[in-house]
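Per-entry structural report
Below, each chain spelled out in residue letters.
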Amino acid sequence: TIGNFHHLCALKSCILRRFKAQGKFFSICSDYIEKLDNIRSKVRRKLKAGQTQDVMAMTDPEDMRKVEYKELMDNFDDIFLSLYPNFVEKFNALLKPGCEIRPNGNEKLNTTLRIFALIRLGITESSRIAEILGYSPNSVYNYRTRAKNMSAVPRKEFEDRIKAVSIISENTTEDSITGPSDNR
């Protein structure tokens with residue numbers, strides 16, 4: 001029947017999104033290993049040349065952390081939204097009218113949306129979410145509470161509804177999943 005055909009198309013799209021996300025994950029891991037190897041080589045060269053001040057500047061933990069964290073969040077947003085393209089829409093449908101939470105500027109997800117994206121992925125402990133996002137557990141708790149206070153559904157159901165957001169989108173086509181090739 002036509003209904004079964006549409007369901008099979010949606011399932012195929014879901015599978016394609018998962019494969020693409022897995023490929024991106026492995027590509028990111030490979031890039032990161034290469035990046036670490038390059039840093040290690042530079043450090044060794046500079047140490048052999050007696051350039052310890054250069055090594056200290058190159059390995060400044062605050063600068064490196066900021067760059068790596070931004071890259072991590074950008075990659076997380078891309079992969080998560082490739083798996084759950086309607087997440088922001090579904091999240092906002094659970095909030096009272098006028099309380100929608102949208103990313104700012106060129107963000108794909110903001111802190112609140114990332115917290116609930118992690119909850120959707122099964123990471124529910126505020127302390128673990130805090131470690132991943134670089135916040136205190138208390139801050140994560142406050143973000144969660146603020147969102148639940150804006151909920152159009154009973155507070156106790158809010159996170160269960162987030163966890164139930166489907167990877168299969170009703171309006172997904174194969175073209176919207178594959179998009180332009182990533183040439184990684």
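Everything discussed here concerns the structure shown above.
Since this is a predicted model, take the numbers as computed values, not measurements.

1. Re the overall build of the chain
Tallying secondary structure elements over the chain gives nine helices and zero strands in all. Helices (α) and strands (β) of the chain occur, in sequence order from the N terminus, as α-α-α-α-α-α-α-α-α. Buried residues in the chain amount to 30% of all 184 residues. In the structure as shown, the chain presents an accessible area of about 12000 Å², 55% of it carried by carbon and sulfur atoms.

2. Let's talk about helix α8 (residues 155–163)
Listed as buried for α8 are Phe158, Glu159 and Ile162. Here the buried residues of α8 occupy an arc of 80 degrees about the axis, which is enough to place them on one side. Looking at the buried positions of α8, the neighbouring elements they touch are α4 (87–93), α5 (111–120) and α7 (137–149).

3. A look at the packing of α7 against α8
At a minimum axis separation of 9 Å, α7 and α8 run at an interaxial angle of 105 degrees. The angle between α7 and α8 places the two elements in the roughly perpendicular class. Every residue of α8 that contacts α7 at Arg144, Thr145, Ala147, Lys148 and Asn149 is listed here: Arg155, Phe158 and Glu159.

4. What to know about the nonpolar core
In this structure, Phe87, Phe91, Phe116, Phe158 and Ile162 are the most contacted members of the largest nonpolar core, which totals 29 residues. Broken down by secondary-structure element, the contributors of at least two residues to this core are α3 (61–83), α4, α5, α6 (126–133), α7 and α8. Looking at which element gives the most residues to this core, the answer is α5, with six residues. If we skip the residues at most four places from it in the chain, Ile162 touches Phe87, Phe91, Leu94, Phe116, Ile119 and Arg120.

5. A word on the pattern of salt bridges
Summed over all chains, the structure comprises eight salt bridges. Note that Lys108 and Asp78 form a salt bridge whose closest N and O atoms lie 2.3 Å from each other. You can see Lys108 sitting in the loop between α4 and α5 and its partner Asp78 sitting in helix α3, a full 30 residues away along the chain. For Lys108, a relative accessible area of 42% gives the class partly exposed. A residue is classified by how much of its surface remains accessible, and Asp78, at 25% relative accessible area, is partly exposed.

Cut-offs applied
- Residues numbered from 1 in each chain as written.
- Predicted model: local features only at pLDDT ≥ 70, side-chain atom pairs only at ≥ 80, totals over all residues.
- Heavy atoms only, no water.
- Helix = DSSP H or I, 4+ residues; strand = E, 2+ residues; numbered from the N terminus.
- Buried < 20%, exposed > 50% of the residue type's maximum accessible area, 1.4 Å probe, protein only.
- Areas by Shrake-Rupley, 256 points an atom, 1.4 Å probe, with all protein chains shown as cover.
- Arc of directions from axis to C-beta.
- Contact = heavy atoms within 4.5 Å.
- Axes fitted to C-alpha atoms, helices over the stretch in contact; angles between N-to-C directions.
- Parallel < 35°, antiparallel > 145°, perpendicular 65-115°, else oblique.
- Core = buried A, V, L, I, M, F, W, Y, C linked by side-chain atoms within 4.5 Å.
- Salt bridge = Lys/Arg side-chain N within 4 Å of Asp/Glu carboxyl O.

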